[in-house]
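Results of the structural survey
As a plain string of letters, each chain reads:
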Amino acid sequence: MCTGANYTTSDHYFGRNLDLEFSYNEAVTVTPRNFPFRFRRAEPLPTHHAIIGMATISDGYPLYYDATNEKGLSMAGLNFPGNADYKPEASDKTNITPFEFIPWILGQFETVDEVKAELERINLVDISFSDAFPLSPLHWIISDRTTSITVESVAEGLKVYDNPIGVLTNNPTFDIQAFTLNNFMHLSTNPPQNNFSDALEFDVYSRGMGAIGLPGDLSSASRFVKAAFTKMNSVSGDSESESISQFFQILGSVAQQRGCVEVPPGKFEITIYSSCCNTDKGIYYYTTYENSQVTAVDMHKEDLDGSVLADYPLIKGQQIHWQN
Ligand SMILES: C[C@H](CCC(=O)NCCS(=O)(=O)O)[C@H]1CC[C@H]2[C@@H]3CC[C@@H]4C[C@H](O)CC[C@]4(C)[C@H]3C[C@H](O)[C@]12C
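The written sequence of each chain sets the order in which its residues are numbered from 1. Given that the model is predicted, a residue must reach a pLDDT of at least 70 before its local features are reported, and side-chain atom pairs must reach 80 or more before they are shown or counted; all residues, however, enter totals for whole chains, interfaces and linings. The basis for the side-chain values is all heavy atoms of the structure; hydrogens and waters are excluded.

A few points about the pattern of salt bridges
Only one rule defines a salt bridge in this text: a Lys or Arg side-chain nitrogen within 4 Å of an Asp or Glu carboxyl oxygen. Applying the stated criterion across every chain, the model contains ten salt bridges. Here Arg-16 makes a salt bridge to Asp-66, at a shortest N to O gap of 3.1 Å. Of this pair, Arg-16 sits in strand β2 (residues 12–20) while Asp-66 sits in strand β5 (residues 61–69), and the two are 50 residues apart along the sequence. Each member of the pair, Arg-16 as well as Asp-66, is classed as buried. Secondary structure elements follow DSSP: runs of H or I of four or more residues count as helices, runs of E of two or more count as strands, with numbering from the N terminus. Burial status follows relative accessibility: with a 1.4 Å probe on protein chains alone, a residue under 20% of its type maximum counts as buried, one over 50% as exposed, and anything between as partly exposed.

Focus on unusual backbone geometry
Of note, the amide linkage connecting Asn-171 to Pro-172 takes the cis form, showing an omega dihedral of 0°. Among the structural elements, Pro-172 can be located in the loop between β12 (167–168) and α3 (174–180). Across the junction of Pro-264 and Pro-265, the peptide omega takes the value 0°, indicating a cis bond. Structurally, Pro-265 can be placed in the loop between β13 (262–263) and β14 (267–268). Of note in this structure, Asn-25 is not a glycine but carries a positive phi near 55°. Mapped onto the elements, Asn-25 comes out in the loop between β2 and β3 (27–31).

Quick notes on the UniProt feature "domain: Choloylglycine hydrolase/NAAA C-terminal" (unreviewed entry) in the protein
UniProt positions are given in the numbering used here, feature names are shortened, and annotations may be inferred rather than shown by experiment. Residues annotated by UniProt as "domain: Choloylglycine hydrolase/NAAA C-terminal" (unreviewed entry) correspond here to residues 2–307. Across residues 2–307, helical content stands at 16% and strand content at 32%; the span's end C-alpha atoms are separated by 31 Å.

Considerations on the sheet that holds strand β4 (residues 51–58)
Paired strands, in this sense, are two strands between which DSSP finds at least two bridges. If you walk across this open sheet you meet the eight strands as β11-β10-β9-β6-β5-β4-β3-β18, and the pairing is antiparallel. The outermost strands of the open sheet, each flanked by one partner alone, are β11 (157–162) and β18 (310–313). Mean inter-strand twist for the sheet, computed between neighbouring axes without regard to direction, equals 30°. The sheet contact formed by strand β9 (residues 138–143) and strand β10 (residues 148–154) spans four bridges and is antiparallel. Considered in β10, the bridge of Ile-142 is made with Ile-149. Residue contacts follow a heavy-atom distance rule, with two residues in contact if any of their heavy atoms lie within 4.5 Å. Axis definition: a line fitted to C-alpha atoms, limited for helices to the stretch in contact. Angles are taken between N-to-C directions and run from 0 to 180 degrees. Across the face of the sheet, helix α2 (residues 112–119) comes into contact with β9, β10 and β11 while running at roughly 20° to β10.

Examining the sheet that holds strand β17 (residues 291–298)
Read from one edge of the open sheet, six strands run β12-β1-β2-β15-β16-β17, paired in antiparallel fashion. Two strands close off the open sheet at either side, each with one partner strand: β12 and β17. Where strand β1 (residues 2–8) meets β12, two bridges bridge the pair, whose relative direction is antiparallel. Its bridge partner being in β12, Ala-5 is matched across the sheet by Val-167.

Focus: the pairing of strand β15 (residues 270–278)
Among the nine residues that make up β15, nine are buried, leaving the element largely enclosed by the rest of the structure. Inspection of the sheet shows β2 paired to β15 by six bridges, in the antiparallel sense. The partner of Leu-18 across the bridge, within β15, is Tyr-273. Where β15 meets strand β16 (residues 283–288), six bridges bridge the pair, whose relative direction is antiparallel. Bridge pairing in β16 links Ser-275 to Tyr-286. Hairpin connection between β15 and β16: a loop of four residues separates the two successive antiparallel strands, and Gly-282 in this loop has a positive phi of roughly 70°.

Regarding the confidence of the model for the protein
If pLDDT is low for a region, its predicted coordinates should not be looked at in detail. Per-residue confidence from the predictor is given as pLDDT, running between 0 and 100. A residue-level look at the protein finds 100% of positions with pLDDT of 70 or above and a mean pLDDT of 97. As a predicted assembly, this complex carries a pTM of 0.97 together with an ipTM value of 0.91.

Some remarks on the packing of aromatic side chains
Here a Phe, Tyr or Trp ring, Trp counted by its six-membered ring, pairs with any other such ring whose centre lies within 6.5 Å, and the pair is stacked when the planes are under 30 degrees apart, edge-to-face when over 60, and tilted otherwise. Counted by the stated rule, this structure contains 14 aromatic pairs. An aromatic cluster is built from Phe-22, Tyr-24, Phe-35, Phe-37, Phe-39, Tyr-61, Phe-99, Trp-104, Phe-129 and Phe-133, whose rings are joined through pairwise contacts.

With respect to the nonpolar core
We call a set of buried residues a nonpolar core when its members are Ala, Val, Leu, Ile, Met, Phe, Trp, Tyr or Cys and they connect through side-chain atoms within 4.5 Å of each other. Core analysis: the largest hydrophobic core is formed by 44 residues, its most contacted members being Val-28, Ile-52, Tyr-273 and Tyr-284. Excluding residues within four positions of it along the chain, Val-28 makes contact with Ile-52, Gly-53, Met-54, Tyr-284, Tyr-286, Val-297, Ala-310, Asp-311, Tyr-312 and Leu-314. Listed in part, the 37 residues of the second largest apolar core include Tyr-61, Phe-80, Val-112 and Ile-149.

Description of α2
Taken together, the buried positions of α2 are Val-112, Val-115, Glu-118 and Leu-119. Buried positions in α2, seen along its axis, are confined to an arc of 115° and lie on one side of it. On its buried face, α2 is in contact with α1 (101–108), β8 (122–124), β9, β10 and β11. Working definition: the arc comes from the directions between the helix axis and the C-beta atoms, pointing outward to the latter.

Below you can see the structure in the form of structure tokens.
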């Protein structure tokens, strides 16, 4: 399972948890403007916006999981098993395969409004990258500084939902996830009032009781509510340190600890990495399960007019700062 989120202070931040029981050797990958992007069924993009994000590089192609372009538009793919349904080629549409979707969108567009218009022409076509990388069932969150949408290719077609929450997890479909939040409107960051009965006296014996009932399990529906509550109520200063710290705290509220979710036989899902991209500055920060130190890659330190991918394998293992 995964969780994607947005956060805005004086800058805008976008990132995700990648929760899985194994890794595909992902690396922070910068695609410069002149890297030739080819597509299986659509016209190539010899030049395009530069992109930074997490990707597996296969056959020289960056298979992005989540990324941001130099204009601040961001996008992440999250697991959507049982619901994702990709289509045969359609002659009246632009046929983009799911693994090309992030490069196609981030290569060309700056805002969610532009993307919404483009999505009317897009068909997510069922073509695999390779035998080693067959199609994965995904849905996507696409965000700019002010707006987010969720895109789901399901049996009925391509669905585009406004996502004012700025959070995405996995199943069920986004309309149901968003509807379920109605059940939690009574949750509060303030102490509870007695609405139960005038005939009884209650004791507010602990801080935090206003949000009793907030789910704490690791199912995707519960993580959606938990991350939404944490994000919508987040308070932080505007500095880079305060902003990214708050962002990683939001993702931490739905992180997966090894041992809590068993993926039989005997394997456990963990939060492999958490990312936080400052979308205004093009800086991609990350932590991994065993590396709590924040590591950063700045896209503007690369040759963005070049044509060669730059990739930074994840630094794993604690980087302990000894004080004596
Ligand atoms: C598995 C991950 C979602 C994490 C998650 O939610 N795990 C819960 C598992 S469970 O639902 O609990 O069982 C997703 C998120 C992004 C995906 C890559 C996107 C690019 C590329 C697309 C190609 O088409 C196939 C290979 C490819 C490298 C993809 C592999 C994999 O699919 C990635 C890593």
